[in-house]
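Residue-level structure breakdown
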Amino acid sequence: MNHEVNVKAWVAVRDDCQMQYHCLSEGKVEVGLGERQNGFDMLFTRVSLARLAELAAQALQAPPDDDAEPVTLTSSTPPTVT
């Protein structure tokens, strides 16, 4: 059984949104957006967080295009994390 994502949600993140992270045991990282009591929390492995960072870096370099299809990170080799 494959469990890539456990929930699907749409979240709008404002420019001034509070963001935090917490490094946990077993290579897990909790990332929170918004206030602790009513925000949005995500749990990543260090490798999946590195992949998200890679996707974000690509998105910041891409030109705006409302008609373009979503870009999928196709890296077959997991990023090296320390």
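This is a predicted model, so every value here is computed, not measured.

1. Description of the pattern of salt bridges
Pairing between side chains becomes possible if they bear opposite charge and their charged atoms approach one another. Across all of its chains, the model carries three salt bridges by this definition. In this structure, arginine 14 and aspartate 16 form a salt bridge, with 3.2 Å as the shortest nitrogen-oxygen distance. For the pair formed by arginine 14 and aspartate 16, the shared burial category is exposed. A salt bridge links arginine 36 to aspartate 41; the nearest nitrogen and oxygen atoms lie 3.7 Å apart. Owing to a relative accessible area of 51%, arginine 36 belongs among the exposed residues under this scheme. Through salt bridges with shared partners, one network takes in Glu30, Arg36 and Asp41.

2. Digging into the pairing of strand 2 (residues 28-33)
Here strand 2 lies mainly inside the structure; five of its six residues are buried. By the bridge criterion, five bridges tie strand 1 (residues 19-23) to strand 2 in an arrangement that is antiparallel. Pairing of histidine 22 across the sheet is with glutamate 30, part of strand 2. Hairpin connection, strand 1 to strand 2: the antiparallel pair is bridged by four residues, and glutamate 26 has positive phi, about 60°. Two elements, strand 2 and strand 3 (residues 40-45), share six bridges in a ladder whose sense is antiparallel. Pairing of valine 29 across the sheet is with phenylalanine 44, part of strand 3. Here strand 2 folds back onto strand 3 in antiparallel fashion, the turn holding six residues, of which glycine 34 has a positive phi close to 90°.

3. What about the side chain of glutamate 30?
Structurally, the position occupied by glutamate 30 is in strand 2. Of the polar contacts made by the side chain of glutamate 30, one reaches the side chain of arginine 36; its length is 3.4 Å. Once residues lying within four places of it in the same chain are set aside, the contact partners of glutamate 30 are Gln20, Tyr21, His22, Leu24, Arg36, Asp41, Met42 and Leu43.

Cut-offs applied
- Residues numbered from 1 in each chain as written.
- Predicted model: local features only at pLDDT ≥ 70, side-chain atom pairs only at ≥ 80, totals over all residues.
- Heavy atoms only, no water.
- Salt bridge = Lys/Arg side-chain N within 4 Å of Asp/Glu carboxyl O.
- Buried < 20%, exposed > 50% of the residue type's maximum accessible area, 1.4 Å probe, protein only.
- Helix = DSSP H or I, 4+ residues; strand = E, 2+ residues; numbered from the N terminus.
- Pairing = 2+ DSSP bridges.
- Polar contact = N/O pair within 3.5 Å; in protein donor to acceptor, adjacent residues only side chain to side chain.
- Contact = heavy atoms within 4.5 Å.

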